[in-house]
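Here's the letter readout for the chains.
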Amino acid sequence: MSGWMLTRHIWRISGSVNFAYSLTQTPENASYDVDDNGCALCQGWLPPLDSLPCAESKEKSSKCEAMDVRVAHCLLLWAVHFFPAAPRVAPRVLSKESKTGNLQDGCINLIPCEVSGAICIQPCSPSFHGEMSFVCKDRKWQMFIDACANLDVQSLFQRIAEHEPLPSSGGHVSVAGGHLPFVGGGKPVHGKPGDEAKHFGADDHGNSNCQADFSCIIPDILSSPAIPGNIADIVELLKNISLMLSENVNRGKMQSYSRIANHILNSSIISNWAFVRDRNASSILLDSVNLFAGKLLLRNGSESIQEHFISTKGYSIYKNTSGKSFDFSMELNKTSNISGRVAIPEEELLKLPRTSKAISIAFPTLGAIIETSRLDPVFVNGMVLSVSLPEELQHILLTFEKVNKLENVKAQCVGWHSAERRWDSKACKMKSDNISSVVCMCKHHRRTFKSFSILMSPTMLRNVVLDYITCVGLGLSIFSLVLCLTIETVVWHHVTKTEITYMRHFCLVNIATSLLIADILFIVAAIVHNTALNYRLCVAATFFLHFFYLALFFWMFTLGLLILYGLLLVFFKITRSAFIATAFSIGYGCPLLISILTVAITEPKNGYLRSGACWLNWYETKALLAFVVPALGIIVVNLAVVVVVVVKMGRPSIGDGCKSQDLSNMIRISKNVALLTPLLGLTWGFGLAIIIDSHSLAFHITFALLNAFQGFFILLFGTLLDRKTREALKKNCLSSKRKCSLAKS
């Protein structure tokens, strides 16, 4: 390999050395290979290679981490050998303390931040594995994802799952005159002198206890920094323990599990969760803890396990109990505490057929952690309380102390929907709300609602006026569209005598049909969301809602193309069958393709639906653009068509006289387009304004009015104000009266 090589490739090989130049020239005999284990081997980088300390890297090693350091050593020596006088190529080894800052500097030095959204990926410092991603925003590199970690969770899990002591000889590998601690040949972890026995599944007395209480992995985890990469690995570890090692959960196991979870729930590292690669990590943690704690075995009818940022309590419950409650008072941060209470009403306990157990878990900081992981504006104003109850118990009473106790901050009781991974207000009803606390009555469901909290109400704009406008407007819209289709059916043979009028009314019928189905689906989507039915039903409702709203606009686009056909292609004739095939391809084919691509791309990432409604997501995946862009694009095109009509009318050409009837029809169609297009554009323009400023009540009311009355606009401007349609309707009525009078005589 000879010529120029990007420094980016060097980052991938060494994983620890950052060169300050973007292109380097390689010697003719230089090359690098990758062995069967994915380890890089430096070959021919130094002339002669055997004379330098990195000659041993010719031999394949089974440990990629050690080989990475050796290759880094090779590259470092090679750089010094070939560029001794070049000050810019001196490598800089990133320290743990300045890891983020120096890596960001590497992006600044190597790649100009000019294109918004560009990604720069940097390797971690030598004591960590993984990489960090920076995104270009406002001409500055900003951290996006931090996957740097120093834990080997696979090895930790194997130690508590298999419990097979590993040979101590494999504990350390000498590299470049130093030692790197390893656990069973995995990735490097930090350890203290004398901790080797604990690393291999033995306690202070030499007795094996990993399977009994998981305590042997605690020192490794608590000594690791709670950085985003380690947080992600610990969440994965807790998830695996919950799924595969949750049998016979005794006090010892629950204590160890709580200590591990407490390490990443600390109030001082909440901001680190924003850079975890998996945005659903906090939801996975919540589900994992709920699953594991729900299998806790109770000693003498009760259990209580307390950590700073997670507390678990359990009681035996039975029918004759006068009522049971769990009281929590926990540390929110270094300066304040927060409290919460879970109470099982006596009438609920009467439903128990046998003695059972009730488990409750309190998380004072998890609400804030969920906020950092989500892009939609939702603010949790209390601790998160989880419960594990028998199926017979469905209602519980929860009391939350408010974090923000300002007078103008109202609360909203919510439950965490495990399947949809969002807060759902339909799970709870508010019983009382004062300046310091809120009492909620919530519905417990083992598969969907097990965790509850309160939100700050101002961020979720719910107004009775909006609901009223939407209900009345949709009712009027559906009635108007049904009336429109009825009139079109009655006058069809009178108004479709020419090709142009046939095509015009054909498009109008499909526009009305698409909006009618969309309005009905809007009601169905609201019912599906409000009753917390199956997640797939919500996806299906959103898919068809997206499809028929798009069909409305694409049939408007077909109407615009019809105008251009009538005005510009005067001597070109198109048959009805060809027109119908083309119109259906545009009117329904394009929306179907866009809808399928949208759900196929975003649904696997759980980014198809928006939080709190059966509609397209905006904050996480911008799936809503799959509707907004085509709709606004068609509106712009149709407005341009109207301009063409105005210009054409002002400059009559030869042959217009013999085509006066067709020209008259085109002008009538253009009036429809000229009136309907701005109304549709204005409607969805306010829809975009709501996304930009979700707190404006004026925008919400205006959008609700325009959106709900679209059907009435189509009836008014497409049917009732059309002179030919009115005349045909009048003739039909007179004909009906004449027939009635003849029948009576």
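Residues numbered from 1 in each chain as written. Predicted model: local features only at pLDDT ≥ 70, side-chain atom pairs only at ≥ 80, totals over all residues. Heavy atoms only, no water.

(A) Examining the overall build of the chain more closely. Along its length, the chain carries 21 helices and 23 strands. A burial count over the chain gives 48% of its 745 residues as buried. Taking the intrachain contacts of the chain between residues at least 6 apart in sequence as the baseline, contacts between residues at least 24 apart amount to 69%. Of the accessible surface of the chain, which amounts to about 34800 Å², a share of 59% is contributed by carbon and sulfur atoms. (Helix = DSSP H or I, 4+ residues; strand = E, 2+ residues; numbered from the N terminus. Buried < 20%, exposed > 50% of the residue type's maximum accessible area, 1.4 Å probe, protein only. Contact = heavy atoms within 4.5 Å. Areas by Shrake-Rupley, 256 points an atom, 1.4 Å probe, with all protein chains shown as cover.)

(B) View of the sheet that holds strand 7 (residues 119-123). Taken together, the three strands give an open sheet; going across it, the order is 7-8-9, and neighbouring strands pair in antiparallel fashion. Two strands close off the open sheet at either side, each with one partner strand: strand 7 and strand 9 (140-146). The sheet shows a mean angle of 30 degrees between the axes of neighbouring strands, direction not considered. With six bridges connecting them, strand 8 (residues 131-137) and strand 9 associate as antiparallel partners. Directly across from Cys136, in strand 9, lies its bridge partner Trp141. (Pairing = 2+ DSSP bridges. Axes fitted to C-alpha atoms, helices over the stretch in contact; angles between N-to-C directions.)

(C) Just the pairing of strand 17 (residues 384-388), in detail. Counting buried residues along strand 17, five of its five residues qualify, which places the element largely inside the surrounding structure. The alternating pattern of strand 17 places Val384, Ser386 and Ser388 and Leu385 and Val387 on opposite faces, both of which are buried. For strand 17 and strand 23 (residues 449-456), the ladder comprises two bridges, and the chain directions are antiparallel. In the strand pairing of strand 23, Leu385 is matched with Phe452.

(D) Expanded view of the environment of Glu488. Structurally, Glu488 is set in helix 13 (residues 464-495). By relative accessible area, Glu488 is classed as buried at 1%. As for Glu488 and Phe506, which are separated by 18 residues in sequence, their C-alpha atoms are 9.5 Å apart. Here Glu488 is in contact with His505, Leu508, Val509 and Thr719, once residues within four sequence places are set aside.

(E) Spotlight on the confidence of the model for the chain. Taken residue by residue, the chain gives an average pLDDT of 75. The fraction at 70 or more is 71%. Element-level mean pLDDT values for the chain span from 28 in strand 6 (residues 92-93) up to 95 in helix 9 (residues 251-264). The low-confidence segment residues 1-100 (pLDDT under 50) makes 194 contacts with residues lying over four places distant or belonging to another chain. Contacts from residues 163-207, a stretch scored under 50 in pLDDT, to residues over four places away or in other chains number 73 contacts. (pLDDT = per-residue confidence, 0-100.)

(F) Molecular detail of the packing of helix 9 against helix 10 (residues 281-293). Their axes nearest at 11 Å, the elements helix 9 and helix 10 cross at an angle of 165 degrees. Considered as vectors, helix 9 and helix 10 are oriented roughly antiparallel to each other. Viewed along their axes, helix 9 and helix 10 form a crossing whose handedness is left-handed. Counted together, Lys253, Met254, Tyr257 and Ile264 of helix 9 and Leu285, Ser288, Val289, Phe292 and Ala293 of helix 10 form the full contact between these two elements. Tallied by class, residues from the contact of helix 9 with helix 10 come to seven nonpolar, one polar and one charged. (Parallel < 35°, antiparallel > 145°, perpendicular 65-115°, else oblique. Left-handed = near helix turned anticlockwise from the far one by under 90°. Nonpolar A, V, L, I, M, F, W, Y, C, P; charged D, E, K, R; others polar.)

(G) Region of the structure containing the side chain of Ser451. Here Ser451 shows up in strand 23. Taking the relative accessible area as the measure of exposure, Ser451 reaches 2% and is therefore buried. Engagement of the side chain of Ser451 in a polar contact is seen with the side chain of Asn290, the distance being 3.0 Å. The residues contacting Ser451, other than those within four sequence positions of it, are Leu286, Asn290, Val384, Leu385, Ser386, Gly415, Trp416 and Trp423. (Polar contact = N/O pair within 3.5 Å; in protein donor to acceptor, adjacent residues only side chain to side chain.)

(H) How the structure looks around the sheet that holds strand 21 (residues 428-433). Sheet architecture is open: five strands sit in the order 14-15-18-22-21, paired in antiparallel fashion. A strand with exactly one partner marks an edge of an open sheet, and here the two such strands are strand 14 (324-331) and strand 21. Here the strands of the sheet are splayed against their neighbours by 20 degrees on average, with no regard to which way each runs.

(I) How the structure looks around the side chain of Asp722. Counting through the fold element by element, Asp722 comes out in the loop between helix 20 (710-720) and helix 21 (723-744). Side chain to side chain, Asp722 and Thr725 meet in a polar contact 2.6 Å long.

(J) Representation of the state of the cysteines within the structure. Under the criterion given, the structure shown has five disulfides. Residue pairing for Cys124: its cysteine sulfur links by disulfide to Cys148, the two sulfurs lying 1.9 Å apart. As the torsion about the S-S bond is roughly -95 degrees, the Cys124-Cys148 disulfide counts as left-handed. Residue Cys124 is found in the loop between strand 7 and strand 8, and its partner Cys148 is found in the loop between strand 9 and helix 4 (153-161); the two are separated by 24 residues along the sequence. (Disulfide = S-S within 2.5 Å.)

(K) Structural context of a nonpolar patch on the surface. On the surface, a cluster of nonpolar side chains totalling about 330 Å² of accessible area is made up of Leu476, Phe479, Leu483 and Phe712. Structurally, the position occupied by Leu483 is in helix 13. The class of Leu483 is partly exposed, set by a relative accessible area of 33%. (Patch = residues over 30% accessible without salt bridge, like charges linked within 9 Å, V, L, I, M, F, W, Y side chains within 5 Å. Salt bridge = Lys/Arg side-chain N within 4 Å of Asp/Glu carboxyl O.)

(L) Structural view of the nonpolar core. Ranked by internal contacts, the top residues of the largest apolar core, which has 76 residues, are Tyr549, Phe553, Trp555, Phe627 and Ile714. For this core, the elements supplying multiple residues, two or more each, are helix 13, helix 14 (499-530), helix 15 (535-568), helix 16 (576-602), helix 17 (625-650), helix 18 (660-692), helix 19 (697-708) and helix 20. The element that contributes the greatest number of residues to this core is helix 15, accounting for 21 residues. Discounting residues that sit within four places of it in the chain, Tyr549 has contacts with Leu515, Ala518, Asp519, Phe522, Trp615, Phe627, Trp684, Asn707 and Gln710. The next biggest cluster of nonpolar side chains, apart from the first, holds 54 residues, and it includes Phe157, Phe214, Ile270 and Phe292. (Core = buried A, V, L, I, M, F, W, Y, C linked by side-chain atoms within 4.5 Å.)

(M) Seen up close, the pattern of salt bridges. Taken as a whole, this structure holds 12 salt bridges when the rule is applied. Between Lys405 and Glu401 there is a salt bridge whose closest N-O contact spans 3.1 Å. For the salt bridge of Arg422 with Asp424, the shortest nitrogen-to-oxygen distance reads 3.2 Å. For the residue pair Arg422 and Asp424, the accessibility class agrees, reading buried in each case. Members of the salt-bridge network, linked through shared partners, are Arg251, Arg299 and Glu303.

(N) Examining helix 19 more closely. With 12 residues, helix 19 extends 16 Å between its outermost C-alpha atoms, agreeing within 8% with the 16 Å of an ideal straight helix rising 1.5 Å per residue. Of the positions making up helix 19, those classed as buried are His700, Phe703, Ala704, Leu706, Asn707 and Ala708. (Expected span 1.5 Å × (residues − 1).)

(O) Structural detail: the packing of aromatic side chains. For the coordinates displayed, the defined rule picks out 21 aromatic pairs. Aromatic pair Trp416 and Trp423: ring centres 5.0 Å apart, planes at 75 degrees, arrangement edge-to-face. Look at Trp416 and you get buried, because its relative accessible area is 2%. Aromatic side chains Trp555 and Phe584 sit 5.8 Å apart centroid to centroid with 90 degrees between the ring planes, which places their arrangement in the edge-to-face category. Of this pair, Trp555 sits in helix 15 while Phe584 sits in helix 16, and the two are 29 residues apart along the sequence. Overall, Trp555 belongs to the buried group, its relative accessible area being 0%. Judged by its relative accessible area of 36%, Phe584 is partly exposed. Each member of the aromatic cluster is reached from another via a ring pair, and the members are Trp492, Tyr502, Phe506, Phe547, Phe548, Trp555, Phe579, Phe584 and Tyr588. Across from the ring centre of Tyr502, 4.0 Å away, lies the NZ or CZ of Arg576, which sits over that ring. (Phe/Tyr/Trp six-rings, centres within 6.5 Å; stacked < 30°, edge-to-face > 60°. Lys NZ or Arg CZ within 6 Å of the ring centre and 35° of its normal.)

(P) Region of the structure containing the packing of helix 4 against helix 8 (residues 228-244). Where helix 4 contacts helix 8, the axes come no closer than 10 Å and their chain directions differ by 25 degrees. On the basis of their axis angle, the class for helix 4 and helix 8 is roughly parallel. Helix-helix and strand crossings are classified by hand; for helix 4 and helix 8 the assignment is right-handed. Contacts from Val153, Phe157 and Ile160 in helix 4 reach Asp233, Ile234, Leu237, Asn240, Ile241 and Met244 in helix 8. Across the contact of helix 4 with helix 8, the residue classes break down as seven nonpolar, one polar and one charged.

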